[in-house]
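# Secondary and tertiary structure notes
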Amino acid sequence: MKYSGYPEVGDLVVGEVDEIADFGVFVDLDEYEDKRGLAHISEVASGWIKNVRDHVQEGQTVVAKVLDVDESSQQIDLSIKDVNEHQRKDTIQAWKNQRKADNWMELALGEDVDDDTYSTVVNGLLAEFDTLYAAFEQAAIHGTDALDDTDLAEEHIAAIVQTARENVSVPYVTVTGYVDLHCPSHDGVDDVKEALQAAEGNGEVPAEVELEVTYVGAPEYRIKVQAPDYKTAESELEASANRATEAIEAVGGNGEYHRERREDDD
C-alpha cells in the first residue's frame, strides 16, 4: 500500500537511491506513489564530501528526513545525515513490517480483489489500529475478537484471521510460578487432582494463552504460562493459582501460591 499524497516536513521516509549526481542524491520514495526526493550533497553525510559515492550507492535503501515539500513543483528535499542510527533501525523495521502486511492483505483478499474492496478493508483496519501490521498481529493473537470493533464483513474478518495465524510470528513471553496444595482428607489425592484441573482452567483459558501445570514434588506444583505480553501472562498465572487454592480450600485443604521454588530443581 502506497500513499497517494506527499510526506510532511519532519517525516522519516524510506527510499531507494536511483540516481547519484555531483550535487546530490535522488531517492525514490518507497511508501509514496510516484514520488521522488533529493538529498543535496550537503545533506548526504556530515563533514566535507569529496565523492558522494563514498557514502551511498545506487540501489541502496536509505532512510531520510523530509526537510521541505513543494507540491507545486513536486519537489521533496531530504536529509540522510539528519537520521541517527536508532531512527534508521526503527524506520526500516516499520517499513519491513508494512511490506509484510501488504503481502498478507493480498493473501487474505486475493490478487484479483477490486480497489474498492481493498480500500474498504484497509480503511476499516486502520480505523481501529495504528498500522496494518498491528491489525494482523492482534488478529493472530486474539482471533476474530481483535476485529470485533471494525466494520468489516464477516468473510473479510475470517480471511484476515486465517491469514494472520498462518503467517504472523507472534512474540510470546513465559512466566512461571508455584502452588502448594495440602489436603488431609481421605479423598485428598482426588481433591488435589480436581484442584489441578481447576488450575488448568477447565477449558476457559484464552486461546492466545498456553498454560501448563506440572508436578514438582509434593506438595508443590509448577504453573507455566505463555502469553503475548507480561501483563496477560502474570494475570493468567495468578488466576491459575487462585483457582487451585480456592478449589482445595473448598474441600478443607489449603493452598499457597509463590513465585520461587521452595527447593532447587533436581
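How each quantity is defined
Residues numbered from 1 in each chain as written. Predicted model: local features only at pLDDT ≥ 70, side-chain atom pairs only at ≥ 80, totals over all residues. Heavy atoms only, no water. UniProt positions renumbered as here; feature names shortened; annotations may be inferred. Helix = DSSP H or I, 4+ residues; strand = E, 2+ residues; numbered from the N terminus. Expected span 1.5 Å × (residues − 1). Buried < 20%, exposed > 50% of the residue type's maximum accessible area, 1.4 Å probe, protein only. Contact = heavy atoms within 4.5 Å. Core = buried A, V, L, I, M, F, W, Y, C linked by side-chain atoms within 4.5 Å. Domains from an automatic or database assignment. Buried area = accessible area lost by both parts, 1.4 Å probe. Pairing = 2+ DSSP bridges. Axes fitted to C-alpha atoms, helices over the stretch in contact; angles between N-to-C directions. pLDDT = per-residue confidence, 0-100.

- An unreviewed UniProt entry lists the chain under the name Translation initiation factor 2 subunit alpha, with Halonotius pteroides given as the organism.
- Quoted verbatim from the Sequence similarities (unreviewed entry) heading of the UniProt record, the comment on the chain is "Belongs to the eIF-2-alpha family."
- Within the UniProt record for the chain, the comment given under Function (unreviewed entry) is "eIF-2 functions in the early steps of protein synthesis by forming a ternary complex with GTP and initiator tRNA."

## So, helix H4 (residues 154-167)
- Between its first and last C-alpha atoms H4 spans 20 Å; for 14 residues at 1.5 Å apiece the expected length is 20 Å, and the two agree.
- For H4, the set of buried residues is His 156, Ile 157, Ala 159, Ile 160, Val 161, Thr 163 and Ala 164.
- Its buried side turned inward, H4 meets helix H1 (85-109), helix H2 (115-126) and helix H3 (132-142).

## Remarks on the nonpolar core
- Counting residues in hydrophobic clusters, the biggest one holds 25 residues, and the most contacted among them are Met 105, Val 121, Leu 125, Phe 136, Leu 147, Ile 160 and Val 168.
- Mapped by element, the contributors of at least two residues to this core are H1, H2, H3 and H4.
- When near neighbours in sequence (up to four residues on either side) are disregarded, Leu 125 contacts Met 105, Leu 132, Ala 135, Leu 147, Leu 152 and Ile 160.
- Of all hydrophobic cores here, the second largest spans 22 residues; its members include Leu 181, Val 192, Val 213 and Tyr 221.

## A word on the domain arrangement of the chain
- Looking at the assigned domains, one finds that the chain contains domain 1 (11-82), domain 2 (87-167) and domain 3 (173-258).
- Centre-to-centre, using C-alpha coordinates, domain 1 lies 30 Å away from domain 2.
- Each partner contributes to the interface: domain 1 provides seven residues, whereas domain 2 provides five residues.
- Taken together, the two surfaces of domain 1 and domain 2 that pack against each other cover about 580 Å², and 73% of this comes from carbon and sulfur.
- Per-residue buried area on domain 1 facing domain 2 is highest for Leu 12, Val 14 and Val 63; these three make up 61% of the total on that side.

## A closer look at the pairing of strand E4 (residues 61-70)
- Where strand E1 (residues 12-21) meets E4, five bridges bridge the pair, whose relative direction is antiparallel. Across the sheet, Val 14 pairs through a bridge with Val 63, a residue of E4.
- The antiparallel pairing of E4 with strand E5 (residues 75-79) creates a hairpin that spans four residues between the two strands, and Gln 74 there sits at a positive phi of about 55°.

## Section: the sheet that holds strand E2 (residues 24-29)
- With respect to topology, five strands assemble into a closed barrel ordered E1-E2-E3-E5-E4, the strand pairing being mixed. Strand-to-strand, the axes of this sheet are offset by a mean angle of 50°, without reference to chain direction.

## Regarding the environment of Val 69
- Structurally, the position occupied by Val 69 is in strand E4.
- Of the residues examined, Val 69 reaches a relative accessible area of 21% and is grouped as partly exposed.
- When the C-alpha positions of Val 69 and Asn 84 are compared, they lie 21 Å apart, and in sequence the two are 15 residues distant.
- With residues near it in sequence (within four places) discarded, Val 69 still touches Tyr 6, Pro 7, Val 9, Gln 75 and Ile 76.

## Observations regarding the environment of Tyr 32
- Within the element layout of this structure, Tyr 32 appears in the loop between E2 and strand E3 (36-40).
- As a C-alpha pair, Tyr 32 and Val 173 span 141 residues in sequence and 36 Å in three-dimensional space.
- Non-local contacts of Tyr 32, meaning those with residues more than four positions away in its chain, are made with Lys 2, Tyr 3, Gly 5, Tyr 6, Pro 7, Asp 11 and Val 13.

## Brief notes about the confidence of the model for the chain
- Confidence along the chain averages 91 in pLDDT terms, with 98% of residues attaining 70 or more.
- Across the chain, the secondary-structure element scoring lowest on mean pLDDT is helix H5 (residues 188-199), at 89, and the one scoring highest is E5, at 97.

## Considering the environment of Ala 140
- Within the secondary structure layout, Ala 140 lies in helix H3.
- Separated by 22 residues in sequence, Ala 140 and Gln 162 place their C-alpha atoms 8.0 Å apart.
- Apart from residues lying up to four places away in sequence, Ala 140 is in contact with Ala 164, Arg 165, Val 168 and Val 170.

## A short note on the sheet that holds strand E6 (residues 173-182)
- Spatial ordering of the open sheet is given by E7-E8-E6-E9, a layout of four strands whose pairing is antiparallel. The strands lining the two open edges of the sheet, one partner per strand, are strand E7 (210-217) and strand E9 (254-258). Ignoring strand direction, the axes of neighbouring strands in this sheet form an average angle of 25°.
- The sheet contact formed by E6 and strand E8 (residues 220-227) spans eight bridges and is antiparallel. When the bridges of E8 are listed, Asp 180 appears paired with Glu 220.
- Helix H6 (residues 230-249) contacts E6, E7, E8 and E9 of the sheet and is inclined by roughly 10° relative to E6.

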